[in-house]
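Chain by chain, the residues:
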Amino acid sequence: MNKLSAIVLAAGKGTRMKSERAKVLHPALGRPLACYPLLRAFELGADPVVAVVGHQADVVERELTARFPGKPLAFAIQASQLGTAHAVRAAEEKLKGFAGDVLILYGDVPLLRRETLQALLDAHRASPGPLTLITFKPADPTGYGRLVREGGRVSKIVEHKDATPEQRAITECNAGIYLAEASFLWESLAQVKNDNAQGEFYLTDVVAAAAKAGAQVATVEATPEEVAGVNDRKELAAAAKVLQARINTAHMLAGVSIADPQTAYIDEGIEIGADTEIGPNVMLLGNTKIGRGVSIGMGCVITDSFVGDGSALKPYTVLEDAKTGARNQLGPFSRLRPGTELAEDVHLGNFVETKKTKLGKGSKANHLAYLGDANIGAGCNIGAGTITCNYDGVHKHPTTLGDGVFIGSDTQLVAPVSVGDGAYVGAGSTIVDDVPKDALALSRPAQVTKPGWAAKKRAEQKAKK
């Protein structure tokens, strides 16, 4: 079986996007457009994959490299936009010495399915010819290159502007997606001329080169939706909706309940366990993994996080780069920032914020707390209004609570500080020194009570009227 490499054309500016940002970096359902063809190529085992960049090349390269760490991704520059054949030739040096098949994709075509590309690969390897391509039949073929057949065999592709009236009547169109033997591709591209209405070097000319050499050109048909390019923000939103529907449908068929698939935004590749329930307006982003039997309420946003089996996230809970154990109860309006790690049976309630903090099994902070740079043991109770004062204006400092610690409401724990196992801290305290095991710590003024004072005060006020 031949080796496979891929070229993804991502050099265009995308003028119709009316943006300072390169078109291929505009996000569709959380990922830049170019990520989708790159993902498909990697899924097929392509090695290497070459992205041809041009407009904002440095920015595009930096962003895509960050999205695919450790992958065999290389970049080639197309300095001038002289057509698709010219763009593909820009990748030739990066594939020097590669002997196998080359898949050609586009950075602004995010909806192409892996199954269709696998069918293309299978058809190519079953064909005696050096070239296989994807076709489609749009409702209106205006603007698309037409597939011309002679005796049922593909003879050439004619661009719309160069087509005769008879050729424009053809409904089978070229999607621009090819799989070619490397040696044939480079040899035929070297012969491509730009004597056409656009004055560009057309990649489609390799089809005629194959046919003239007597080779068979195989085809695979895709739906118009799959091969549609994104040219403006309206088309970008439409593509995102298609991706959203595909992803949500797959999760529902795998045993996940989604209350409103129209408003649930789930990035591609996210794992969700069976019997999980997802409410309206939920966003699951990045490298998130959700366990089995999880309940995610309305408006939750979970990014690059792990949620353990049987957990319940009440509405508007936000997780970012956090890990939660099984049977956690979170929210409403909890915020778990990067570095948060929760063991089993932890409760974090309304308006509780954590950052770089660990909570042991069964610990609870049910109301209005900030816990930053803290290591909290098992079975602790954190009262409402508790704050770990972790920042001195220059450095961050840790707070450590042992197992079974009780922190009264409105407590400030001024780090660095530790509270031993089983200790109590009275409400309203400011703790600046370590608290020993099983101790009680208090730091508040003594209460003063004056009997009858209120009655006398009211009498004085009445007498003044």
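As a reminder, the structure under discussion sits directly above these lines.
Bear in mind the structure is a predicted one, so any value in this text is a computation, not a measurement. (Residues numbered from 1 in each chain as written. Predicted model: local features only at pLDDT ≥ 70, side-chain atom pairs only at ≥ 80, totals over all residues. Heavy atoms only, no water.)

Novice: When you look at the overall build of the chain in this model, what are you seeing that I'm missing?
Specialist: What the chain contains, in helices and strands, is nine helices and 39 strands. By the compact-globule yardstick of 23 Å for 465 residues, the chain is too spread out, its C-alpha radius of gyration being 31 Å. The C-alpha extent of the chain, read off along each of the three principal axes, is 110 × 55 × 45 Å. Counting every position in the chain, which comprises 465 residues, the buried fraction comes to 48%. (Helix = DSSP H or I, 4+ residues; strand = E, 2+ residues; numbered from the N terminus. Rg over C-alpha atoms; globule rule 2.2 N^0.38 Å. Buried < 20%, exposed > 50% of the residue type's maximum accessible area, 1.4 Å probe, protein only.)

Novice: I tried to follow the pairing of strand S29 (residues 364-372) on my own but got confused; where do I start?
Specialist: Across a regular strand the side chains alternate sides, sitting on one face of the sheet and then on the other. Pairing of strand S27 (residues 347-355) with S29 involves seven bridges; the strand directions are parallel. Bridging across to S29, leucine 348 finds its partner in alanine 365. Here S29 pairs with strand S31 (residues 381-382) via two bridges, running parallel. Bridging from a neighbouring strand, lysine 364 pairs with asparagine 381 of S31. (Pairing = 2+ DSSP bridges.)

Novice: Looking at this model, I keep getting lost on a nonpolar patch on the surface. Mind explaining?
Specialist: Together, Met298, Tyr316, Phe333, Phe351 and Leu368 give the surface a local cluster of nonpolar side chains, amounting to about 490 Å² of exposed area. Here tyrosine 316 is to be found in the loop between strand S21 (312-313) and strand S22 (318-320). The exposure class assigned to tyrosine 316 is partly exposed, which follows from its relative accessible area of 38%. (Patch = residues over 30% accessible without salt bridge, like charges linked within 9 Å, V, L, I, M, F, W, Y side chains within 5 Å. Areas by Shrake-Rupley, 256 points an atom, 1.4 Å probe, with all protein chains shown as cover. Salt bridge = Lys/Arg side-chain N within 4 Å of Asp/Glu carboxyl O.)

Novice: How should the pattern of salt bridges be read in this particular structure?
Specialist: Where charged atoms of side chains with opposite charge meet at close range, the side chains can pair. Enumeration according to the criterion identifies 15 salt bridges in this entry. With a closest N to O distance of 3.7 Å, lysine 289 and glutamate 271 form a salt bridge. Note that lysine 289 is positioned in strand S17 (residues 289-290) and glutamate 271 in strand S14 (residues 271-272), a separation of 18 residues in sequence. For lysine 289, a relative accessible area of 39% translates into the label partly exposed. In this structure glutamate 271 comes out as partly exposed when scored by relative accessible area, which is 46%. Across the salt bridge formed by arginine 335 and glutamate 353, the nearest N and O atoms sit 3.7 Å from each other. Of the two residues, arginine 335 sits in strand S25 (residues 335-336) while glutamate 353 sits in strand S27, which places them 18 residues apart along the sequence. What makes arginine 335 partly exposed here is its relative accessible area of 40%. Taken together, the salt bridges that share partners define one network made up of Arg40, Glu43 and Glu268.

Novice: Looking at this structure, how should I read helix H7 (residues 205-212)?
Specialist: Because an α-helix packs 3.6 residues into every turn, residues spaced three or four apart end up facing the same way. Val206, Val207, Ala208 and Ala210 are the residues of H7 that are buried. Count one or two residues on from H7 and you reach glycine 214, which has phi positive near 80°.

Novice: Please clarify how the packing of aromatic side chains should be interpreted in this entry.
Specialist: Here the distance between the centres and the angle between the planes together describe a pair of aromatic rings. Tallying each qualifying case throughout the model produces five aromatic pairs. Note on phenylalanine 42 and phenylalanine 68: the rings are 5.4 Å apart at their centroids and 50° apart in plane angle, and the pair reads as tilted. Residue phenylalanine 42 is found in helix H1 (residues 35-43), and its partner phenylalanine 68 is found in the loop between helix H2 (57-67) and strand S5 (73-77); the two are separated by 26 residues along the sequence. The same class applies to phenylalanine 42 and to phenylalanine 68, which are both buried. Judged by centre distance (5.0 Å) and plane angle (20°), the rings of phenylalanine 406 and tyrosine 424 are stacked. Here phenylalanine 406, found in strand S34 (residues 406-407), pairs with tyrosine 424, found in strand S37 (residues 424-425); they are 18 residues apart in sequence, far enough to count as distant. Members of the aromatic cluster, each reached through a chain of ring pairs, are Tyr316, Phe333 and Phe351. The ring of phenylalanine 42 carries the charged tip of lysine 71 above its face, separated from the ring centre by 5.6 Å. A cation over a ring is seen here: lysine 396 above tyrosine 391, with NZ or CZ 5.5 Å from the ring centre. (Phe/Tyr/Trp six-rings, centres within 6.5 Å; stacked < 30°, edge-to-face > 60°. Lys NZ or Arg CZ within 6 Å of the ring centre and 35° of its normal.)

Novice: Would you take a moment to explain the environment of leucine 203 for this structure?
Specialist: Residue placement: leucine 203 occurs in the loop between helix H6 (182-189) and H7. Along the backbone, leucine 203 and proline 165 are 38 residues apart, and their C-alpha atoms lie at a distance of 22 Å. Sequence-distant contacts of leucine 203, defined by excluding residues within four places in its chain, comprise Thr84, Ala85, Val88, Ile104, Tyr106, Tyr178 and Leu189. (Contact = heavy atoms within 4.5 Å.)

Novice: Is there a simple way to explain the sheet that holds strand S36 (residues 417-419) in this structure?
Specialist: Sheet strands pair by backbone hydrogen bonding; their relative direction is either parallel or antiparallel. Reading across from one edge, S14-S17-S20-S23-S26-S28-S30-S33-S36 is the order of the nine strands in this open sheet, with parallel pairing throughout. Of all the strands in the sheet, the pair left with one neighbour each is S14 and S36. With two bridges joining them, strand S23 (residues 323-324) and strand S26 (residues 341-342) adopt parallel strand pairing. For threonine 324, the partnering residue across the bridge sits in S26 and is leucine 342.

Novice: Can you walk me through the nonpolar core in this structure?
Specialist: Within soluble globular proteins, side chains that are nonpolar tend to cluster in buried spots. In terms of nonpolar packing, the biggest core is built from 73 residues, with Leu103 and Ile177 touching the most fellow members. Residue contacts for leucine 103: discarding those within four places in its chain leaves Leu4, Ser5, Ala6, Ile7, Leu44, Leu117, Leu120, Ile177, Tyr178 and Leu179. Of all hydrophobic cores here, the second largest spans 56 residues; its members include Val242, Val256, Ile266 and Leu401. (Core = buried A, V, L, I, M, F, W, Y, C linked by side-chain atoms within 4.5 Å.)

Novice: Would you take a moment to explain the state of the cysteines for this structure?
Specialist: What we call a disulfide is simply a covalent bond connecting the sulfur atoms of a pair of cysteines. Applying the stated criterion to the full structure yields zero disulfides. With no disulfide of its own, cysteine 389 lies closest to cysteine 380 among cysteine sulfurs, the gap being 18 Å. We classify cysteine 389 as partly exposed; its relative accessible area is 28%. (Disulfide = S-S within 2.5 Å.)

Novice: Explain the side chain of arginine 40 here, please?
Specialist: Along the chain, arginine 40 falls in helix H1. For arginine 40, a relative accessible area of 6% corresponds to the buried category. Only 2.4 Å separates the side chain of arginine 40 from the side chain of glutamate 268, close enough to count as a polar contact. Setting aside its immediate chain neighbours within four residues, arginine 40 contacts Leu112, Arg113, Arg114, Leu117 and Glu268. (Polar contact = N/O pair within 3.5 Å; in protein donor to acceptor, adjacent residues only side chain to side chain.)

Novice: It is not clear to me how the environment of aspartate 140 should be interpreted in this structure. Could you clarify?
Specialist: Relative to the elements of secondary structure, aspartate 140 occurs in the loop between strand S7 (131-136) and strand S8 (146-150). Residues aspartate 140 and threonine 171, spaced 31 residues apart in sequence, show a C-alpha to C-alpha distance of 8.1 Å. Polar side-chain contacts of aspartate 140 include one of 2.7 Å to the side chain of threonine 142.

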